[in-house]
Amino acid sequence: MKIVCLPLDARPYNYDFLQSLAAMDSQLTLVMPPRDLLGFRKTPARFAALTAFIEAHMAGADALILSLDMLIYGGLLPARTHHLTPEALHARLDWLRQLHQRYPAVEISASSLILRTPAYDSAEEEPDYYAHCGRAIWQYGIYRDRDAQGLLTAEEQLEYQRLAAELDSAARTDFEQRRQHNIAVTQAALELVTDGVLACLLIPQDDASPFGYTAMDQRQLYRAIAANRLQDRVWLHPGTDESGCTLLTRAWLTRQPTRLKFAVCWSNQAFRQFVPEYEDRPFEESLLSHSRACGIALCDDPANADALLGINGCGEVMQEGWMQQNNKALSYYRNRSLTAFCDTLASWIGGKPVGIADVAFSNGGERELIEMLDHHRLLDRLSAYAGWNTACNTLGTVLAALAFACRGDRPQQARNFMLERLVSDWAYQSEVRFAVQETVLPALGASYAQFGKHEAAILATIATRVKQCWQQTLHNSFSGQQLVIDEVRAPFKRMSGLAFTVSLKPPSSPSRD
């Protein structure tokens, strides 16, 4: 099977993850552009180069999966900062319709993001004006949405009027016009689904909230989806950087003779209805949407399932991963039992594949879970694990990894990906990253997104500390083997989104004098 892929950008989750998944099945060939064609940060990829690459590889392809944000705008960050006219945007989308006419047998699936509205002042990934009025724009959008629905309190109405008077009007106008242009592209993509050009469409969103600009865009799209009865071909849910994994998994699974089924177990039942940080709906609703988008069915009877998906959720609040070391909320202990969770996992492991979505914290896996899995000698028997960034980033990643672990024919590749997720999502993001960011970087005169001449030294320090964390925490797992970090890369030259290449090897023989 040959799948051509145009990813969202060149970061590990959007590029390396797809390569790792495809490597789990010897019958799957994944074709992606070289990284240097995909732009860098706010520098967009060239449309002509992307389309030329796709057309050069369509012959013999079974499917094309692509990010419309990369195709139309040149990448994720350019989608937020571009100055393309509506005419130029729609002309680029028309190219996709023409491609379908030339290759009608190639199934095309795509993703198109809802433009995010972060709740902070930073222009690192947004237009320049977001550095001084980003949070004000976010708050204004919430008030505007609530006002339109008649939900503003008297106090909020006064604050809304004050903010409207003080907010940079040029910045607000540009932000709103940009949203209008981008949402028009997604609406046009819905028409491609209706016309059969696209087999399915993902509409992911990050930094979502119940009210605001994102919610206003959602309403338009939900109405269009319902009006055209596209609910079984279009999925709108929280997430972003996992969308390539979802499209790849769906394109691969839909060509297999039987539907893949997962049973689900929870570390605590209350998490099913919990709304995670940076998201806008109960987690179970996201689980239903993401699994269906992947082409995976959820079932209640474990005996009829192909694999078990464990969901490790939080209690009454969700904290950031780095906070668990010294300030872990009491509800993490009161509202769930990791011992009972491990007992359920233990009854499955060895019979069918087991994966864990570690979503108790945002931006990092949970140390206590890792310790408990190690204590019960379950960690090195998992088939899939993820615990990075937002809950739905993790969810989409582990659904894909567990699917390929079930149906792929290269178990060692699945194991390697699981090891890399443990190293990156737990050891680095929760245990190592912020200590390095707060102490090592300032001492070198570096910062989160400015490594300068110290990049090699910073990455070497990270590798050393990750290995130390691994050795100090794991006492019963991967016995007789030591973690080797073969490479650490920072594709976007910043502390987030590092790529780890790791392996396990027998301990070095002791030296003899």
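Residues numbered from 1 in each chain as written. Predicted model: local features only at pLDDT ≥ 70, side-chain atom pairs only at ≥ 80, totals over all residues. Heavy atoms only, no water.

1. Observations regarding the overall build of the protein
1) Next: On a plain count of helices and strands, the protein comes out with 17 helices and 13 strands.
2) Next: Here the C-alpha atoms of the protein give a radius of gyration of 23 Å, agreeing with the 24 Å that 2.2 N^0.38 yields for 513 residues.
3) Next: Projected onto its principal axes, the C-alpha positions of the protein cover 70 × 55 × 50 Å.
4) Next: Taking all 513 residues of the protein together, 59% fall into the buried category.
5) Next: Roughly 20500 Å² of accessible area belongs to the protein as shown, and the carbon and sulfur atoms make up 48% of that amount. (Helix = DSSP H or I, 4+ residues; strand = E, 2+ residues; numbered from the N terminus. Rg over C-alpha atoms; globule rule 2.2 N^0.38 Å. Buried < 20%, exposed > 50% of the residue type's maximum accessible area, 1.4 Å probe, protein only. Areas by Shrake-Rupley, 256 points an atom, 1.4 Å probe, with all protein chains shown as cover.)

2. As for the nonpolar core
1) Next: Formed by 103 residues in total, the largest nonpolar core has its most connected members in Leu 68 and Leu 201.
2) Next: Counting residues per element, this core draws most heavily on helix α15 (residues 391-407), which supplies nine residues. (Core = buried A, V, L, I, M, F, W, Y, C linked by side-chain atoms within 4.5 Å.)

3. Some words on the pattern of salt bridges
1) Next: For the coordinates displayed, the defined rule picks out 32 salt bridges.
2) Next: Its salt-bridge partner being Arg 80, residue Asp 206 comes within 3.6 Å of it at the nearest N-O pair. Residue Asp 206 is found in the loop between β5 (200-205) and α9 (213-227), and its partner Arg 80 is found in helix α4 (residues 76-81); the two are separated by 126 residues along the sequence. Each member of the pair, Asp 206 as well as Arg 80, carries the same accessibility label: buried.
3) Next: The closest approach of N and O atoms between Arg 144 and Glu 176, which form a salt bridge, is 2.7 Å. Taken together, the residues Arg 144 in helix α6 (residues 130-148) and Glu 176 in helix α8 (residues 169-194) connect sequence positions 32 residues apart. (Salt bridge = Lys/Arg side-chain N within 4 Å of Asp/Glu carboxyl O.)

4. A word on the packing of aromatic side chains
1) Next: Summed over the entire model, instances satisfying the criterion amount to 19 aromatic pairs.
2) Next: Ring-pair connections join several aromatic residues into one group, and the members of that group are Tyr 13, Phe 17, Trp 388 and Phe 417.
3) Next: Cation over ring: Arg 146 sits above Phe 211, and NZ or CZ is 5.1 Å from the ring centre.
4) Next: The side chain of Arg 421 reaches across the aromatic face of Phe 417, ending 4.9 Å from its centre. (Phe/Tyr/Trp six-rings, centres within 6.5 Å; stacked < 30°, edge-to-face > 60°. Lys NZ or Arg CZ within 6 Å of the ring centre and 35° of its normal.)

5. Brief notes about the sheet that holds strand β10 (residues 354-358)
1) Next: Ordered in space as β8-β7-β9-β10-β11, the five strands form an open sheet in which the pairing is parallel. Edge strands, defined here as strands with exactly one partner in the open sheet, are β8 (296-299) and β11 (384-386). Neighbouring strand axes in the sheet, compared pairwise and without regard to direction, differ in orientation by 25° on average.
2) Next: The pairing of strand β7 (residues 260-266) with strand β9 (residues 307-312) spans five bridges and is classified as parallel. Bridge pairing in β9 places Phe 262 opposite Ala 307. (Pairing = 2+ DSSP bridges. Axes fitted to C-alpha atoms, helices over the stretch in contact; angles between N-to-C directions.)

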